Each structure stands twice: as C-alpha cells, then as structure tokens.
Amino acid sequence: MDTLVAQLQRQFRDYTISLYHQGFLDDQFTELKKLQDECSPDFVAEVVFLFFEDCEKLIGNMARALDQTGNVDFSLVGSSVHQLKGSSSSVGAKRVKGLCVTFKECCDSQNFEGCVRCLQQVDIEYKSLKAKLQDLFNLEQQIVQAGGRIPQVDI
C-alpha cells in the first residue's frame, strides 16, 4: 500500500512540475492551491471546473460573433477575450492567457483572420489544459483513495 501511495505521489509531483515547465500553468495556480485545505479539499477543482464552464461559454460567444461574416462586432469579441484573459489569469492558465493578449490585439485592429486563428488556438489550448488538469485531479483522487496525502509541490 505504501509503495503504491509513494508511486502515485511521485507521479503527481512529476506531472505537476511538467505542467509548469510546459507553460500550461503559472504561479497563480500555486496561489490557488494554497487556498485549498482540509475543510475544502476540492476547492481548486471546483474553481477550475467553473473556469472551464466559463471558457466554453465565452468561446461559443466569440465563435458566434465571428460567424457574422462582414458584420463582426469586434468590440463584443474583444470584451469576451478580455473576460477570458481575466479568468485565465485568476486560475493560472498561462498559455490561454498569453493567447488572449494576441487575440485582443487582433480584435483591436479588427483583423478578422487573426481573430479566427486566435479563437482556434484558444480552443485547442483550453481543451488541452482541461484534459491535463482532469488527469491531475484524477491522480489526486487516486492518492487519497489509496490512503495517502496530496504532496506539496515546489516549483
């Protein structure tokens, strides 16, 4: 049992570090993790899943707005990008946040092709981050179910 827990904890540490090194997460995610305690063990997962719901809604809104060929409301798209950038920043979604900067510049210059390209990239990065964080949260559950504690990971 102890070797299973140790193996899962090592896997958790390595995976978490890789998410930072690959640029998926930044220090804000670390700060968010510090707010989690035994009274609210699912705090980070709950906040992140709310972020994912927000992403889906905003990406859908931006896609619909950009689908209005010849009549795109770039200020509406830019407003959604701004919201997504703020949400991404608050959970430490570094790649998504970085793409939002470029996306906002495309909106400001009313660059339709650039906006469409950025929307596609944001969608890909959001989905990739979602899958990776779901894997991380699954690892956490496996550790707890095996009787272990989630290790503190210093980046």
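Refer to the structure presented above.
Scoring rules and cut-offs
- Residues numbered from 1 in each chain as written.
- Predicted model: local features only at pLDDT ≥ 70, side-chain atom pairs only at ≥ 80, totals over all residues.
- Heavy atoms only, no water.
- Core = buried A, V, L, I, M, F, W, Y, C linked by side-chain atoms within 4.5 Å.
- Buried < 20%, exposed > 50% of the residue type's maximum accessible area, 1.4 Å probe, protein only.
- Helix = DSSP H or I, 4+ residues; strand = E, 2+ residues; numbered from the N terminus.
- Contact = heavy atoms within 4.5 Å.
- Polar contact = N/O pair within 3.5 Å; in protein donor to acceptor, adjacent residues only side chain to side chain.
- Disulfide = S-S within 2.5 Å.
- Axes fitted to C-alpha atoms, helices over the stretch in contact; angles between N-to-C directions.
- Parallel < 35°, antiparallel > 145°, perpendicular 65-115°, else oblique.
- Left-handed = near helix turned anticlockwise from the far one by under 90°.
- Nonpolar A, V, L, I, M, F, W, Y, C, P; charged D, E, K, R; others polar.
- 1 Å grid on protein atoms, 1.4 Å probe; cavity = no way out; pocket = protein on both sides within 12 Å on 5 of 7 lines; lining within 4 Å.
- Points joined across faces, edges and corners; volume = space filled by probe spheres on them.
- Phe/Tyr/Trp six-rings, centres within 6.5 Å; stacked < 30°, edge-to-face > 60°.

The subject of this paragraph is the nonpolar core. Of all hydrophobic cores here, the largest spans 46 residues; its most connected members are Met62, Val77, Leu84, Phe103 and Leu133. Contributing elements (two or more residues each) for this core: helix H1 (2-21), helix H2 (27-34), helix H3 (43-66), helix H4 (74-91), helix H5 (94-108) and helix H6 (112-145). The residues touching Phe103, leaving out its near neighbours within four places in the chain, are Met62, Leu66, Val77, Val81, Cys115, Cys118, Leu119 and Val122.

We now examine the side chain of Ser88. With respect to the helices, strands and loops of the structure, Ser88 is situated in helix H4. Judged by its relative accessible area of 0%, Ser88 falls in the buried class. From its side chain, Ser88 meets the backbone oxygen of Leu84 in a polar contact 2.7 Å long. With residues near it in sequence (within four places) discarded, Ser88 still touches Phe51, Ala93, Val96 and Lys97.

Attention now moves to the state of the cysteines. Cysteine pairs can be covalently joined through their sulfur atoms, and such a bond is termed a disulfide. In the structure shown here, the tally under the stated rule is zero disulfides. Cysteine Cys115 shares no disulfide, and the gap to the nearest cysteine sulfur, in Cys107, comes to 3.7 Å.

A separate point is the packing of H4 against H5. Relative orientation and spacing of two packed helices are given, respectively, by the angle between their axes and the distance between those axes. The interhelical angle for the contact between H4 and H5, taken along N-to-C directions, is 160°, at an axis separation of 9 Å. With respect to their mutual orientation, H4 and H5 come out roughly antiparallel. Here H4 and H5 pass one another in a crossing that is left-handed. Contacts between H4 and H5 involve Phe74, Val77, Gly78, Val81, Leu84, Lys85, Ser88 and Ser89 from the former and Val96, Lys97, Cys100, Val101, Phe103, Lys104 and Cys107 from the latter. Of the residues belonging to the contact of H4 with H5, the class tally is nine nonpolar, three polar and three charged.

Moving on, we get to the layout of surface pockets. Its boundaries defined by the atoms lining it, the largest pocket holds a volume of some 800 Å³. Along the wall of the largest pocket there are 29 residues; nearest its centre are Lys33, Gln36, Pro41, Glu140 and Ile150. The element contributing the most residues to the lining of the largest pocket is H6, with seven residues. Taken together, the residues that form the lining of the largest pocket break down as 14 nonpolar, eight polar and seven charged.

The subject of this paragraph is unusual backbone geometry. Of note in this structure, Gln110 is not a glycine but carries a positive phi near 55°. Structurally, the position occupied by Gln110 is in the loop between H5 and H6.

As enumerated under the stated definition, the model contains four aromatic pairs in all. Aromatic side chains Phe49 and Phe52 sit 5.8 Å apart centroid to centroid with 65° between the ring planes, which places their arrangement in the edge-to-face category. Of this pair, Phe49 and Phe52 both sit in helix H3, three residues apart, which is roughly one turn of the helix. The exposure class of Phe49 is partly exposed, given its relative accessible area of 33%. Given the relative accessible area of 2%, Phe52 is considered buried. Members of the aromatic cluster, each reached through a chain of ring pairs, are Phe49, Phe51, Phe52, Tyr126 and Phe137.

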